Amino acid sequence: MTRPYDDEQPEAQAARLLVVTAVPAEAEAVLRGLGSDATRLVVPGGELHRARHACGVAVDVLAGGVGPAAAAAATASLPWLHRYELVVSAGIAGGFAPHAPIGSVVVADEILAADLGAQTPDGFLDVAELGFGSVRHTPAPAAVRRAAGALGAAHGTVLTVSTVTGSAERAAELAARHPRALAEAMEGFGVAEAAARHGVPVFELRTVSNAVGPRDRSAWRIGDALAALERAFAHLPYPELLQEVGHG
Ligand SMILES: O=C(O)c1cccc(C(=O)CC[C@H]2O[C@@H](n3cnc4c(=O)[nH]cnc43)[C@H](O)[C@@H]2O)c1
């Protein structure tokens, strides 16, 4: 069933959690994990899928596009964004070896914009060091521990980049600057910026499709990462997560 969005609809107020992926294949994996038929709502620039996990928590899933700008715009365009109790950026990612192997699950305890700043003669300075803005969001630590524990996932920094790393040199540079980095992806910081403007807690969950490093398309394991994403969304402890972000 597809409906135009209407802020007055009872459904517009029902879902407690929003999951923002980049592409439809990721959204479909999340919906398979949730395991129920979804209702589709037409929203600005796309479709929102509303499903309900077996535990009873209603979850909206949106494929918002690739990159931090698309992710922020898609998230911010939902008229009822402020009503969610938690917004989750989710999808596949590159993993930093040896901490995040292909197929593994990573939960962000820090969402960090890794290339938002200026290149200076003395090296990279992020916008916080330049004196304006911030480059990090910190998900609720208890929620991170709960999710990581339930999924057998590692937790650490997930970098948001606008350019996928394609060389060993760049991977080493990022790892040296961010020693707690487990993964890099392209949307988390954008989703977090949109959620933060409405005071909604944010979370990021990634499954690893490739290693961060020299470009090698033959080594991508997108199917494995999508299967891991599906499993993660089947097994997330939704009520406990909502409790830990303050909405038990
Ligand atoms: O062309 C390449 O070499 C290449 C390598 C890895 C990923 C891509 C993408 O265009 C996918 C971007 C998409 O998937 C997420 N993602 C997956 N792996 C990575 C990565 O290693 N670094 C950054 N983002 C990654 C990302 O969140 C996007 O949604 C191309």
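Keep in mind the model is a prediction, meaning the values are calculated, not measured. (Residues numbered from 1 in each chain as written. Predicted model: local features only at pLDDT ≥ 70, side-chain atom pairs only at ≥ 80, totals over all residues. Heavy atoms only, no water.)

### A closer look at the overall build of the protein chain
Move 1: What the protein chain contains, in helices and strands, is 8 helices and 13 strands.
Move 2: Taking 18 Å as the expected radius of gyration for a compact globule of 248 residues, we find that the protein chain reaches 17 Å, a close match to that expectation.
Move 3: In the protein chain, which comprises 248 residues, the share counted as buried stands at 49%.
Move 4: For the protein chain, the separation between the mean place of its 19 positive charges and that of its 27 negative charges on side chains is 3 Å. (Helix = DSSP H or I, 4+ residues; strand = E, 2+ residues; numbered from the N terminus. Rg over C-alpha atoms; globule rule 2.2 N^0.38 Å. Buried < 20%, exposed > 50% of the residue type's maximum accessible area, 1.4 Å probe, protein only. Lys, Arg positive; Asp, Glu negative; His and termini not counted. Charge placed at Lys NZ, Arg CZ, Asp CG, Glu CD.)

### Quick notes on the nonpolar core
Move 1: Ranked by size, the top nonpolar core spans 35 residues in total, and within it Leu18, Leu48, Leu78, Tyr84 and Val87 carry the most contacts.
Move 2: No other element matches the 5 residues that helix α6 (residues 188–197) contributes to this core.
Move 3: Core analysis: the second largest hydrophobic core is formed by 33 residues, Val105, Ala153, Phe203 and Leu241 among them. (Core = buried A, V, L, I, M, F, W, Y, C linked by side-chain atoms within 4.5 Å.)

### Some points on the packing of helix α2 (residues 68–76) against α6
Two quantities define a packed helix pair, namely the angle between the helix axes and the distance between the axes.
Move 1: The interhelical angle for the contact between α2 and α6, taken along N-to-C directions, is 30°, at an axis separation of 7 Å. Judged by the angle between their axes, α2 and α6 are roughly parallel. For the element pair α2 and α6, the recorded crossing hand is right-handed. For the pair α2 and α6, the contacting residues are Pro68, Ala71, Ala72, Thr75 and Ala76 in the first and Gly190, Val191 and Ala194 in the second.
Move 2: When its residues are assigned to classes, the contact of α2 with α6 shows 6 nonpolar, 2 polar and no charged. (Axes fitted to C-alpha atoms, helices over the stretch in contact; angles between N-to-C directions. Parallel < 35°, antiparallel > 145°, perpendicular 65-115°, else oblique. Left-handed = near helix turned anticlockwise from the far one by under 90°. Contact = heavy atoms within 4.5 Å. Nonpolar A, V, L, I, M, F, W, Y, C, P; charged D, E, K, R; others polar.)

### So, the site of the ligand
Move 1: Near the ligand there are 14 residues, and of these Glu184, Glu187, Asn210, Arg215 and Trp220 occur at the shortest range.
Move 2: The side chain of Asn210 places a nitrogen or oxygen atom 2.8 Å from an oxygen atom of the ligand.
Move 3: Contacts to the ligand include Arg215, whose side-chain N or O atom sits 2.3 Å from an oxygen atom.
Move 4: Within the complex, 83% of the 550 Å² of free accessible area of the ligand lies under protein.
Move 5: Among the cavities detected, the one that contains the ligand is the largest pocket.
Move 6: A breakdown of the residues in the shell around the ligand according to their chemical character gives 7 nonpolar, 3 polar and 4 charged. (Near = heavy atom within 4 Å. Polar contact = N/O pair within 3.5 Å; in protein donor to acceptor, adjacent residues only side chain to side chain. Areas by Shrake-Rupley, 256 points an atom, 1.4 Å probe, with all protein chains shown as cover. 1 Å grid on protein atoms, 1.4 Å probe; cavity = no way out; pocket = protein on both sides within 12 Å on 5 of 7 lines; lining within 4 Å. Sits in = over half its atoms within 2 Å of the grid points.)

Shape is all these values report; function is a separate question.
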